[in-house]
Amino acid sequence: MAERSFAREVEHLRLGAGEEFRGEAILAITKGLLQAGVAYVGGYQGSPISHLMDVLADAQDILGELGVNFQSSANESTAAAMLSASVMYPLRGAVAWKSTVGTNVASDALANLASGGVTGGAMVIIGEDYGEGSSIMQERTHAFAMKSQMWLLDPRPDHACIVDLIEKGFQLSEASNTPVMLEVRVRTCHMHGAFVCKDNVAPAFTLEDALAQPKRDLDRIVLPPAAYAHEHEKIAQRLPAAIAFVRDNRLNEWFGPEEDSDGPPPVGIVLQGGMYNNVIRALQYLGLSDAYGNTRVPLYVLNVTYPLVDSEVVAFAKGKQAILMVEEGQPDYLEQAINTIANRQGLTTRVRGKDVLPMAGDYSLQAILAGIDAFLATEAPRLLGNRPPLPTARPVLDLPVVKRLRETVPARPPGLCTGCPERPIFAAMKLVDQERGAHHVSADIGCHLFSILPPFNIGNTTMGFGLGGASAAAFGRKTTGKRSIAVMGDGGFWHNGLTSGIGNAVFNKHDGVFLIVDNFYSSATGGQDILSSRASNASRKTNNPIAKAVAGIGATWIREVDRTYDVGRMKAVLTEALTTPEEGPKVIIASSECMLNKQRRVKPQVAKAIKNGARVVKERFGVDEDVCTGDHACIRLSGCPSLSVKQLDDPLRDDPVVTIDNTCVGCGNCGEVSEAAVLCPSFYRADVIHNPTWWDRARARVAMGLITYLQARRDRARPLAGAA
Amino acid sequence: MPTEILRLPLAPAGEATERPIAIAIVAMGGQGGGVLTGWIVALAEAAGWVAQSTSVPGVAQRTGATIYYVEMMPTRDGRKPVLAQMPTPGDVDVVLASEFMEAGRSILRGIVTPGRTTLIASDHRALSIGEKSAPGEGIADSGVVHEAIGATARARIVFDMNALAVANGSVISSALFGALAGSGVLPFAREAYHAVIAADGKGVAASIRTFDAAFARAAGEEAPPPPSAAASPEPALFDAHCGPLASRLIERLPPGVHAMARAGLAKVVDFQDPAYGREYCGLLEQLHTVDLAAGGAGRDHVFTREAAKYLAQAMAYDDIVRVADLKTRSGRHARIAAEVNAAPGTLLQTTEYMHPRLEEVAGILPAPLADWLMHRPRLFRAIDRRISKGRRVRTYSVGWFLALYAVAGLRRLRRGSLRHREEVAHRDAWLALATRLVATDYALGVEVLRCRRLVKGYSDTHARGLSKFDRVIATIETLAGRNDAADWASRLRETAVRDGEDKDLDGLIRTIGSFAGAAGAA
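These numbers were taken from a predicted model, which means no experiment stands behind them.

About the thresholds
- Residues numbered from 1 in each chain as written.
- Chains lettered and ligands numbered in written order.
- Predicted model: local features only at pLDDT ≥ 70, side-chain atom pairs only at ≥ 80, totals over all residues.
- Heavy atoms only, no water.
- Helix = DSSP H or I, 4+ residues; strand = E, 2+ residues; numbered from the N terminus.
- Buried < 20%, exposed > 50% of the residue type's maximum accessible area, 1.4 Å probe, protein only.
- Contact = heavy atoms within 4.5 Å.
- Areas by Shrake-Rupley, 256 points an atom, 1.4 Å probe, with all protein chains shown as cover.
- Lys, Arg positive; Asp, Glu negative; His and termini not counted.
- Charge placed at Lys NZ, Arg CZ, Asp CG, Glu CD.
- Rg over C-alpha atoms; globule rule 2.2 N^0.38 Å.
- Buried area = accessible area lost by both parts, 1.4 Å probe.
- Salt bridge = Lys/Arg side-chain N within 4 Å of Asp/Glu carboxyl O.
- Polar contact = N/O pair within 3.5 Å; in protein donor to acceptor, adjacent residues only side chain to side chain.
- Nonpolar A, V, L, I, M, F, W, Y, C, P; charged D, E, K, R; others polar.
- Pairing = 2+ DSSP bridges.
- 1 Å grid on protein atoms, 1.4 Å probe; cavity = no way out; pocket = protein on both sides within 12 Å on 5 of 7 lines; lining within 4 Å.
- Points joined across faces, edges and corners; volume = space filled by probe spheres on them.

A. Quick peek at the overall build of chain A. From N to C terminus, chain A includes 26 helices and 24 strands. By principal-axis analysis of the C-alpha atoms, chain A measures approximately 100 × 70 × 60 Å. In chain A, buried positions account for 61% of the 724 residues. The contacts of chain A with a sequence gap of at least 6 include a subset with a gap of at least 24, amounting to 77%. Accessible area of chain A: about 27400 Å², with a carbon and sulfur share of 53%. Chain A carries 73 positive and 78 negative side-chain charges, and their two centres are separated by 5 Å.

What follows is the structure in structure tokens.
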């Protein structure tokens, strides 16, 4: 791993029965898996799932004691396929990924898995990256559950509830021979809370048992005619079994009064489990609940959003004038389903939902509050009483000074870290563009995608993780004009880019440029090791060079840049790739270690070396403020967070000059860029020699002696015109 | 809403007022917002409360804007509260902002309201990429945030918590935590906060020191440090050669111009020699005469003052002699050592990243020789190939220092050089235009002077600046005679200063071209 320790988190996994766990929900889920007796775990990192993967990767001891096999899967498809271990054997297994992107990648394997069904419990932990702050396209995982017939759990945001549903989820999976998904939204994954633990459980049936006694059942394999039978089996056996289990074990929950002083309440709210906390708060604002969840409006909380239990829906809706479906995201699958149930059962209850709530987007508290308010105002106005004032910021936002503020506050897009080795790559691309005109750039997912934002503004499309190369496929014909450039990171390359991008380009004799950004880790997701990582890893085989893989798949024009900070070379290699007459894909592998991880690794080592008296040269950059003219061309080619501007106390100068703060890690990018772009001579690198040798000292003494003499000489000749 | 609701004689159904304490932390990725959030949660839990925090890191992990949200509440009769997962506009008790524009952003999110919110913000700035990359002054106005805070927060604690943290050897999260404690919004004792920091186990002493300092500031126990006494720059010292020049300027120019003229004189003399300073004085006095003729006395002599400023800039242009001189000056080594916090016992060396081209070298040659060379493109390119490459200059090594020192000594050749001839021609044309326009349109004449600001940088950047200047000046000429000419000129310049890629500037020039009737769009 990237020299980052999760030892503290790993200790949480050891907690025993009766002890209280406190921490993030994603860690509670990790603990829940061990309590449920999983035999194997896999997955692919990505927010909000990374933490689960990181902690398990560092928890080899505990996993070893329990006999659990943990894999960092090559991609989500690999992870999903891994669940096939539960098809024939009573093995519990779980995999995790970021959804919907990960589910998209995995859907082929998931569909096959769901068709044949499972013997042991199989669970997919879905990190539902939806709503504010999401980094991906806005879609729901719900559709996948429905189309493949997998059960979708959507627990109330409460650690105890989530952990309980993991165990119940495995039982549900086994009772209905169907894989299940446990959907946890981003805010819930990162939610701090507590629950009381149980002991970890070693799997009763082990992977060794399975290997010792292999089992084969043709009926469980997706081949005609079994495949046809599977579809009927899903409907005739597995679905009823699941519904019975959900109902009998009361996986869904009910809150609020069954009887009011005036008889049965006229309205009720049906909600996805994940919406519960915010719905309670909205009811509180309306004066209909207290802070502890004592609601006056009946709630039917769907901890299982697929399948619905018709009898529960009917029982809840019956006798009510109207119910409100609180369902985040589009389309309104649940609302439609409940309408269908109500219709088939001949209920007169009105089903409301996205007529008062937003069809699309994050269900913020404001949105839920407005929706419930509108629902009650038309269906049960008496409940609202004399309406306490609702919280609002409208008057504040309408103030003229706040409107002015809206024009003042600058956007703050994310960018590459200080010292990021990808910065010089894009600086070089920008310089090449300045010389040769703009190019079509197929971007990819990963840190390098920040090239799309200021200051680089490079990149025309992004199609999916590892698909940077593939998405340039249409531009592959040999032309006399400009070539396309496809970018992918090492993470994307190993996820699928080797075959979908490079292999495809080799086979189709693609004429374009393929730039692989190799920073030694899957960096954007937290610095996990991958095949080409340069660190040694006791439990994984690393150090498999990308260049070998690319050559192995048939690429012939391959250039490696081993120090991306060499902007001049980077620029020269790009230019060569764009102009060489050689046929086939031009593959550039630009490698330098992710600075975030490097600093984490190197900083303590350097501090220790200095302390021990070793000669260490520490570098950082600076700007001579009287040389800088305040044009900021360097920033437009860099965007380094440590590079900023400051106003001088000089009445003759209008514009702020560039300054470098103490967070500079001395990567050298600004110097190299100003040299390659022929910008300006204001940058200097300061080398501070710690524990200098006698030779260092002697040399410095001689040089500084002469220099001081010369400086004094010139100072005497200088006309005294004050401090200019 | 049906009117019957309003007439209902019902009280609110439940205890809507009994709500958790809600705290939002707005920060930038990498600022330690997560640490602060963890501390606040630990603080509440240590008191036996239930606390819940959430965050949405997403792509905001790298320097982007991000928000953390905490709710806390005691249990009642063993029942745990249900806590919300996101802040509700109008219902947040405390907003902690680790940067000043982020405080502004929190107001725009509606989570700072007069009825409820204590805003605790550091007023230091971490500039956004848009502010930094403007080819001039692009920094957002913090004054607007101050005003908005005044109008929206119930209470505010605003000071430079970053500086306070750095001064105490810690990071901003400690200062924010201290300010939160000092605000008195939460019902926890100061010791409880200390205990949380101590339990964290990393950099505890510095964190506590920072916490206490911030606590004292927030609780009003300690007055803010007095502003540093660098309000007015000290008048420059002049020697026997320059003293008379300075006195001459003071005699002949109005008082409002004195400070600028003295600074300008000092800059020009420092750039070349006292004789050059005399040239500056002469030109400035001429421009002052023009100013008076145009009615400058009634306009505060703006034309003269701007001339004093921009003439000095124009005369002290950036060439390799100046760069070499600045890099070899006494005091620089010590200044850099202080800037990089070089510890005693260490040695400091610097490496300059230089890329001189033959254009720059030829610029310092005597004009006839340079002309001769410029007319022989093949020879020029051949020499350029030798010269033009990136050079890593070890400033404080004997060899390189001598080389730089020698280049700095070339200032004697400067006034006969090609570059100087070009600079003078450009300067004279610019002053002639300003002189011509100020006679009929005072404000426009002033704007022409101010356009000098667009010329800056080295090599290509300098060439781009010059071309920008030329385009703006050419457009201004087409505007002469219009009532709103000065406004347009000002807009042109401001746009040129903000726009790195010249797209906005080109658009504006086209717009002006469409009504000014001339081919302004070059």
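B. Main features of the overall build of chain B. Check the secondary structure of chain B and you find 24 helices and eight strands. Its C-alpha atoms give chain B a radius of gyration of 31 Å, more than 25% over the compact-globule value 24 Å for 522 residues. If you line up chain B on its principal axes, its C-alpha atoms span 95 × 70 × 50 Å. Among the 522 residues that make up chain B, the fraction classed as buried is 55%. When contacts within chain B are restricted to residue pairs at least 6 apart in sequence, long-range pairs at least 24 apart make up 71% of them. Carbon and sulfur atoms make up 55% of the accessible area of chain B, which amounts to about 21200 Å² in all.

C. Quick peek at the interface of chain A and chain B. Residue-level contacts link 133 residues of chain A with 158 residues of chain B. Taken together, the two surfaces of chain A and chain B that pack against each other cover about 12500 Å², and 57% of this comes from carbon and sulfur. Of all residues in chain A, Tyr 292, Arg 412 and Leu 652 of chain A bury the most surface against chain B, accounting for 8% of the area lost on that side. Between Glu 45 of chain B and Arg 22 of chain A there is a salt bridge, with the nearest N and O atoms lying 3.3 Å from each other. For the interface between chain A and chain B, the tally reads 53 residue pairs in polar contact (both at pLDDT 80 or more). The element that contributes the greatest number of residues to the side of chain A that touches chain B is helix α26 (residues 694-717) of chain A, accounting for twelve residues. Of the residues assigned to the side of chain A that touches chain B, the class counts are 67 nonpolar, 34 polar and 32 charged. Strand direction decides the pairing type here: strand β24 (residues 683-690) of chain A and strand β7 (residues 347-354) of chain B, joined by six bridges, are antiparallel. In the sheet register, Arg 685 of chain A faces β7 of chain B, and the bridge partner there is Thr 351 of chain B.

D. Looking closely at the sheet that holds strand β2 (residues 40-43) of chain A. All names here are of chain A. Strand order in this open sheet of seven strands is β3-β2-β4-β5-β7-β6-β12, and the pairing throughout is mixed. In the strand order of this sheet, the two ends are held by β3 (69-70) and β12 (304-306), each with one partner. The pairing of strand β4 (residues 93-99) with strand β5 (residues 122-128) spans seven bridges and is parallel. Residue pairing in the sheet places Val 95 in a bridge with Val 124 of β5.

E. Geometry of empty space enclosed by the protein. Across all of its chains, the model carries eleven cavities of 30 Å³ or more by this definition. Its volume calculated, the largest cavity comes out at about 340 Å³. Contributing to the lining of the largest cavity are 22 residues, with Thr 629 of chain A together with Gln 313, Asp 318, Val 455 and Lys 456 of chain B lying nearest its centre. Looking at the lining of the largest cavity, the elements with two or more residues in it are α13 (302-315) and α20 (418-440) of chain B. Tallied by class, the residues present in the lining of the largest cavity amount to six nonpolar, four polar and twelve charged.

F. A look at the pattern of salt bridges. All chains considered together, the criterion is met by 86 salt bridges over all chains. For the salt bridge of Glu 183 of chain A with Arg 185 of chain A, the shortest nitrogen-to-oxygen distance reads 3.5 Å. Between Glu 279 of chain B and Arg 427 of chain B there is a salt bridge, with the nearest N and O atoms lying 3.1 Å from each other. You can see Glu 279 of chain B sitting in helix α12 (residues 274-293) and its partner Arg 427 of chain B sitting in helix α20, a full 148 residues away along the chain. Residue Glu 279 of chain B is classed as partly exposed on the basis of its relative accessible area, which comes to 22%. For Arg 427 of chain B, a relative accessible area of 5% corresponds to the buried category. Taken together, the shared-partner salt bridges connect Arg 412 of chain A together with Glu 99, Glu 102, Arg 105, Arg 125 and Glu 131 of chain B into one network.

G. Summary view of the side chain of Lys 132 of chain B. Following the sequence through the fold, Lys 132 of chain B ends up in helix α4 (residues 129-133). Despite being buried, Lys 132 of chain B has no salt bridge partner; Asp 661 of chain A is the closest side chain of opposite charge, sitting 7.4 Å away. There is a polar contact of 2.7 Å between the side chain of Lys 132 of chain B and the backbone oxygen of Leu 643 of chain A. With near-sequence residues (within four places) excluded, Lys 132 of chain B lies in contact with His 632, Ile 635, Cys 640, Pro 641, Leu 643, Ser 644 and Val 645 of chain A together with Leu 127 of chain B.

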